[in-house]
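If you want the building blocks of each chain, they are given just below.
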Amino acid sequence: MNATTTNSALVEINDLHKNYGPNVQVLKGLNIDMMPGERVVVIGPSGGGKSTLLRVVMGLEQIQGGSLRFGGKPYITTKGSKTVIDSEVRKKIGMVFQHYTLFPHLSIMENLILAPRKVNGESRASARERGQKILERFGLAAKADAYPSQLSGGQKQRVAIARALMLDPKLMLFDEVTSALDPELVAEVEQVILNLAAQGMPMMMVTHDMWFARNVASRVIFCAGGVVVEDGPPEQVLGDPVEERTREFINRVFHIKA
Amino acid sequence: MGMTLDFSILLRFTDALAMGLWTTIKLTLLCVVLGTSLGFVIGLLRSNGNAFIRGALGLYVELFRGTPVLIQLFWIFFCLPLILGVEFSNFVSATIALTLYMGAITSETFRASLRSVGREQMDACVALGLPRSAQILNVILPQAVLRAVPTLLSNAVSLFKESALVSAVGMADLMFIGQNISNNTARPVEVLTVVAVIYFIIAFPLTRAVTVVEQKLLRKFSV
Ligand SMILES: Nc1ncnc2c1ncn2[C@@H]1O[C@H](COP(=O)(O)OP(=O)(O)O)[C@@H](O)[C@H]1O
Ligand SMILES: [Mg+2]
């Protein structure tokens with residue numbers, strides 16, 4: 001990439017407004033500029049709109065105002081009451097959800113190769129070859145022909161990450177991907193994400209795991225009341241927050257582990 | 001005066017009973033295949049079609065679900081030829097009636113199974129950038145059909161039993177033959193018991209199979 005693209009934001013979120021119906025205003029003018037190579041951890045009270053933010057960035061939600069740009073290009077805008085999403089831009093973003101959302105009727109390998117074949121027209125053979133490599137990297141090579149129901153939660157979540165990576169995303173979104181896991185399975189999933197981080201994958205994620213947040217984040221954003229309350233390096237926001245509301249939240253939620 | 005049961009008289013009628021059973025099986029299989037296909041299309045259209053189509057199909061489904069099958073049979077047997085000006089054989093009339101009935105029942109099965117494929121699967125499709133056609137054909141439909149299988153099997157077993165109603169409009173199925181034998185021999189208890197046992201011998205393993213298939217599918221495809 002040339003110098004101009006590395007200098008500009010990877011994701012620009014401008015004055016984002018998001019409601020569910022007329023009475024539930026979740027995001028109320030949210031602004032975030034995410035630079036290339038950044039790893040943003042979003043924290044905040046439950047029901048504060050963290051999942052909604054990630055879902056908007058993934059292009060899964062209608063918005064009521066504001067706009068998003070990706071890689072310097074318009075990505076999501078509003079036109080009257082309609083939301084216009086550039087689906088070519090959306091293909092550059094991958095997301096992993098809290099509840100795996102693997103396709104239960106397809107084998108692990110079929111889960112991996114469906115999108116590359118249908119989205120990029122890749123041949124089955126070539127997709128399988130790449131899929132096998134990713135599964136080997138994730139220690140799941142033996143599971144290629146298994147079905148999701150035969151895997152542990154940690155394995156399922158790693159497959160979900162592998163499935164997203166098959167499309168070579170330029171940004172990964174993780175929404176509480178370890179929250180549904182048994183405690184002893186959390187580490188294997190976090191390790192995969194830490195490895196991706198070490199390879200320079202830009203990511204935005206929601207987590208309640210303090211240790212993980214500290215180790216993966218290059219930047220932490222505290223969201224509450226539908227806006228960004230505090231935004232800074234992990235040492236500041238998690239360790240010594242400037243804002244009183246952040247301090248209160250950190251003490252309440254993270255005091256045991258911190 | 002005690003009444004003695006004598007089942008041996010039925011031995012004289014095995015051929016007739018076999019013929020009746022064959023008619024019942026033929027009719028059931030045909031209506032299961034045609035009706036389930038019809039139900040699949042209707043279920044899809046009612047889940048996605050435009051408002052007019054949805055309304056019209058909704059009316060059809062509720063009409064056939066909410067009225068006695070016996071009356072539906074009479075309708076198709078006696079009114080349809082008048083409306084269309086064409087005479088149908090008994091078998092064709094019965095096939096039309098039970099197919100329409102089965103279509104209404106199974107369309108609800110398909111509709112429920114389509115709804116049961118959650119929003120999260122749709123989210124995953126969009127996040128992967130899957131085109132609309134692949135979302136439907138590769139993700140939603142296969143799961144909906146798999147989830148529908150146990151209920152569809154139950155629907156089929158029910159139809160097998162309910163098909164006995166065609167005897168009331170003069171079709172020579174197992175029930176009709178049984179009633180004839182019972183009238184001719186004046187041995188209703190023996191004859192109708194044997195006929196019931198024949199229905200049961202076929203239906204029971206199928207209902208057991210439904211449970212087994214259900215558990216297998218659940219184990220394999222849950223989450
Ligand atoms: N599909 C939806 N329909 C209506 N309300 C929703 C929907 N999704 C989320 N909400 C509401 O929006 C608010 C923010 O939810 P969410 O983004 O999931 O918060 P968080 O992830 O921070 O816990 C909550 O009050 C939630 O109840
Ligand atoms: Mg959430």
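If you're wondering where the values come from, they're calculated on a predicted model, not measured in any experiment.

Colleague: Mind showing me how you'd approach the sheet that holds strand β6 (residues 82-85) of chain A here?
Modeller: Hydrogen bonding along the main chain pairs the strands of a sheet, whether they run parallel or antiparallel. All names here are of chain A. Taken in spatial order, the five strands of this open sheet run β2-β1-β4-β5-β6, and their pairing is antiparallel. The strands lining the two open edges of the sheet, one partner per strand, are β2 (24-34) and β6. For this sheet the average axis-to-axis angle between neighbouring strands, irrespective of direction, equals 20 degrees. Strand direction decides the pairing type here: strand β1 (residues 11-20) and strand β4 (residues 65-70), joined by five bridges, are antiparallel. Of the residues in β4, the one forming a bridge with Asn-14 is Ser-67. Against the sheet, helix α2 (residues 50-57) contacts β1, β2, β4 and β5 (73-79), and its axis sits at roughly 120 degrees relative to β1.

Colleague: I keep staring at the interface of chain A and chain B and nothing clicks. Help me out?
Modeller: Often, the extent of an interface is quoted as the loss of accessible area on bringing the components together. Across the contact, 28 residues belong to chain A and 23 residues belong to chain B. In this assembly, chain A packs against chain B so that about 2100 Å² is buried in total across both faces, 66% of it on carbon and sulfur atoms. A per-residue breakdown of the area chain A buries against chain B is headed by A:Phe103, A:Pro104 and A:His105, which together make up 27% of the total. Scanning the region where chain A abuts chain B turns up one salt bridge. Two residues, B:Asp123 and A:Arg55, come together in a salt bridge whose shortest N-O distance is 2.8 Å. Put simply, chain A and chain B have three residue pairs in polar contact (both at pLDDT 80 or more) between them. Put simply, the parts of the chain that give the side of chain A that touches chain B at least two residues each are β7 (93-96), α4 (108-120) and α6 (153-165) of chain A. A total of four residues in the side of chain A that touches chain B trace back to one element, the largest contributor, which is α4(A). Here the side of chain A that touches chain B is built from residues that sort into 16 nonpolar, five polar and seven charged.

Colleague: It is not clear to me how the packing of aromatic side chains should be interpreted in this structure. Could you clarify?
Modeller: For any pair of aromatic rings, the description rests on two quantities: the centre-to-centre distance and the angle between the ring planes. Residues and elements named next belong to chain A. Applying the stated rule across the entire model yields eight aromatic pairs over all chains. Relative to Phe-249, the ring of Phe-222 has its centre 5.1 Å away and its plane inclined at 40 degrees; by these criteria the two rings are tilted. One end of the pair, Phe-222, is in strand β10 (residues 219-224); the other, Phe-249, is in helix α10 (residues 244-254), and 27 residues separate them in sequence. Classification of Phe-249 as buried rests on a relative accessible area of 4%.

What counts as what
- Residues numbered from 1 in each chain as written.
- Chains lettered and ligands numbered in written order.
- Predicted model: local features only at pLDDT ≥ 70, side-chain atom pairs only at ≥ 80, totals over all residues.
- Heavy atoms only, no water.
- Pairing = 2+ DSSP bridges.
- Helix = DSSP H or I, 4+ residues; strand = E, 2+ residues; numbered from the N terminus.
- Axes fitted to C-alpha atoms, helices over the stretch in contact; angles between N-to-C directions.
- Contact = heavy atoms within 4.5 Å.
- Buried area = accessible area lost by both parts, 1.4 Å probe.
- Salt bridge = Lys/Arg side-chain N within 4 Å of Asp/Glu carboxyl O.
- Polar contact = N/O pair within 3.5 Å; in protein donor to acceptor, adjacent residues only side chain to side chain.
- Nonpolar A, V, L, I, M, F, W, Y, C, P; charged D, E, K, R; others polar.
- Phe/Tyr/Trp six-rings, centres within 6.5 Å; stacked < 30°, edge-to-face > 60°.
- Buried < 20%, exposed > 50% of the residue type's maximum accessible area, 1.4 Å probe, protein only.

So far we have only geometry, and geometry alone does not tell us how the molecule works.
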